[in-house]
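# Chain and residue survey
Read off the chains here:
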Amino acid sequence: MNRAAKMKVAVGLSGGVDSSVAAALLKEKGYEVIGLFMKLWEGDGNPAGGEHGGCSAGGADDLVIARSIAEKLAIPFYAVDLAGEYRTAVLDYCKREYLAGRTPNPCIRCNQQVKFGSLITRARQSGIDFDLFATGHYARVDRREGENRFFLKKGRDVRKDQSYWLAFLGQQQLGMTLFPLGEQVKTEVRAQAKSLGLSTCDKPDSQDFFAGDYKKLIDASPRPGPIVDQSGSVLGSHNGIWSYTIGQRKGLGIAAKEPLYVLDVDAANNAVVVGFAPELNHGGLVASGLNLIACDFIDRPREVAVKIRSTQKAFPGVLTQLDHETAAVRFTQPQSAITPGQAAVFYDGDCVLGGAIIE
């Protein structure tokens, strides 16, 4: 008997093409599939606006689409209300980070604590039984022969690889997770959706969650302060440090002979520090909240590739673990706009060593 036929898989259905095809592929392989939808917002709307998709989805429109996909695939479907958990784990976190002058990474937080955490826990608490959990992420999980460890690897489609967003998952989470699209490329997925008659086949791609969408949810009174250069000279003013992030060029309202960029957000002095592009470059970083996936400890400096934001390629550097929670990276070449609050994710080839939050 096919092993898959003995297993029940809960698929996180978001209302997008990727999760739709993931569910269809698992059903074709013989798994007993159910659909789980994360209801993230109180009421029907998304007060942050949904133009960026990703974790900012989870509203009424997405629920209707996800339910229709489940009906098309003839699988059970459950909507799990996670608005409270989402507010605590993601929205409140975003607000704290912005008010502290940092730039949060809510999609990573959502994956770690909500999608691969609260969703599974709440579903099982409500009596929904399943053995494995799956999503439409472009990533892979591997367990090497003879090693009692699960490894997270990049998806085969390098343009769609989403391993960066999953670098804070733990061994227990990875051990029960399937990524059916890990070996696929996006064009194949869209073609499969069309051949299956799924309504999501032509739906535009959701973009990974954009923290800037949620600045409007901070609900803080204006707190004017200075915009200064590195010598402390006042060049302008702002109405709240939460409107600025390192590397930002637009919206400064300051005339200069060359474009100015945000170099630092100084919460202690309620100031935004600006300067010219070369001043954004730094040779390394320190990061905390270290989550290692491929090993328990890095016992010596190790050459790695590092991504400091989701949209850039990885750059070479040397990773040193300082203690159980902290690591440092020295880049081979200086990197621009290293931003506290964002994630640094460390790679050895296509394998994710782990990640940490830039301090």
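Quick look at the structure, then. These figures come from a predicted structure and were not determined experimentally.

Spatial strand order, β3-β2-β1-β4-β7: 5 strands in an open sheet with parallel pairing. The open sheet has two edge strands, β3 (77–81) and β7 (177–178), and neither has a second partner. With 3 bridges connecting them, strand β1 (residues 8–12) and strand β4 (residues 132–134) associate as parallel partners. Paired with alanine 10 across the strands is phenylalanine 133, a residue of β4. In the packing of helix α1 (residues 17–28) onto the sheet, the strands contacted are β1, β2 (32–39), β4 and β7, and the crossing angle to β1 comes to about 170°.

Every buried residue of helix α6 (residues 186–195) is listed here: Lys186, Val189 and Ala193. Taken around the axis of α6, the buried residues stretch over an arc of 60°, which confines them to a single face. More than 90 degrees from the buried face of α6, the exposed residues found are Thr187, Lys194 and Ser195. Of the surrounding secondary structure, the elements contacted by the buried residues of α6 are α1. Directly after α6, the chain includes glycine 197, whose backbone phi takes a positive value near 75°.

As a packed pair, α1 and α6 sit with axes 10 Å apart at the nearest point and diverge in direction by 70°. Accordingly, the angle class assigned to the pair α1 and α6 is roughly perpendicular. For the element pair α1 and α6, the recorded crossing hand is left-handed. Where α1 approaches α6, its residues Val17, Asp18, Val21 and Leu25 are matched on the opposing element by Lys186, Val189, Arg190, Gln192 and Ala193. Taken together, the residues of the contact of α1 with α6 sort by class into 5 nonpolar, 1 polar and 3 charged.

Turning our attention to the pairing of β1. Of all 5 residues in β1, 5 are buried; the element is thus mostly enclosed. Neither face of β1 is left uncovered, since the one carrying Lys8, Ala10 and Gly12 and the one carrying Val9 and Val11 both have all their residues buried. Bridge analysis of β1 against β2 gives 5 bridges, and the strand direction is parallel. Within the sheet, the bridge partner assigned to lysine 8 lies in β2 and is glutamate 32.

Looking now at the pairing of strand β15 (residues 327–336). Regular strands place their side chains on alternate faces of the sheet. Here 6 bridges tie strand β12 (residues 281–292) to β15, and the two strands are oriented antiparallel to one another. If you follow histidine 282 over to β15, its bridge partner there is glutamine 335. Here strand β14 (residues 315–321) runs beside β15; their pairing, made up of 5 bridges, is antiparallel. Counterpart to glutamine 321 in the pairing with β15 is alanine 327.

A separate point is the side chain of glutamine 321. Residue placement: glutamine 321 occurs in strand β14. Overall, the relative accessible area of 9% leaves glutamine 321 in the buried class. Separated by 2.8 Å, the side chain of glutamine 321 and the backbone nitrogen of isoleucine 298 make a polar contact. Of note is the side chain of glutamine 321, whose polar atom sits 3.1 Å from the backbone oxygen of aspartate 323. Sequence-distant contacts of glutamine 321, that is, excluding residues within four places in its chain, are made with Leu290, Leu292, Phe297, Ile298, Thr326 and Ala327.

Conventions adopted
Residues take numbers from 1 onward in each chain, read along the sequence in its written order. Given that the model is predicted, a residue must reach a pLDDT of at least 70 before its local features are reported, and side-chain atom pairs must reach 80 or more before they are shown or counted; all residues, however, enter totals for whole chains, interfaces and linings. Hydrogen atoms and water are omitted, and side-chain values are computed over all heavy atoms in the structure. Criterion used throughout: strands pair if DSSP finds at least two bridges between them. Counting from the N terminus, the helices are DSSP H or I runs at least four residues long and the strands are E runs at least two residues long. Any two residues whose heavy atoms approach within 4.5 Å are treated as being in contact. The angle between two axes is taken between their N-to-C directions and runs from 0 to 180 degrees, where each axis is a line fitted to C-alpha atoms and a helix contributes only its stretch in contact. Type-normalised accessible area, obtained with a 1.4 Å probe on protein chains alone, sets the label of each residue: buried when under 20%, exposed when over 50%, and partly exposed for intermediate values. To obtain the arc, one takes the directions from the helix axis to the C-beta atoms. Should an angle fall under 35 degrees it is taken as roughly parallel, and over 145 as roughly antiparallel, whereas 65 to 115 is taken as roughly perpendicular and any remaining angle as oblique. We call a crossing left-handed when the near helix sits turned anticlockwise from the far one by less than a right angle, and right-handed when that turn is clockwise. Under the scheme applied here, ten amino acids are nonpolar (Ala, Val, Leu, Ile, Met, Phe, Trp, Tyr, Cys and Pro), four are charged (Asp, Glu, Lys and Arg), and all others, including Gly, are polar. Polar contact is defined as a pair of N or O atoms within 3.5 Å, subject to the rule that within protein one atom must be able to donate a hydrogen and the other to accept it, and that residues adjacent in sequence are counted only when both atoms are side-chain atoms.

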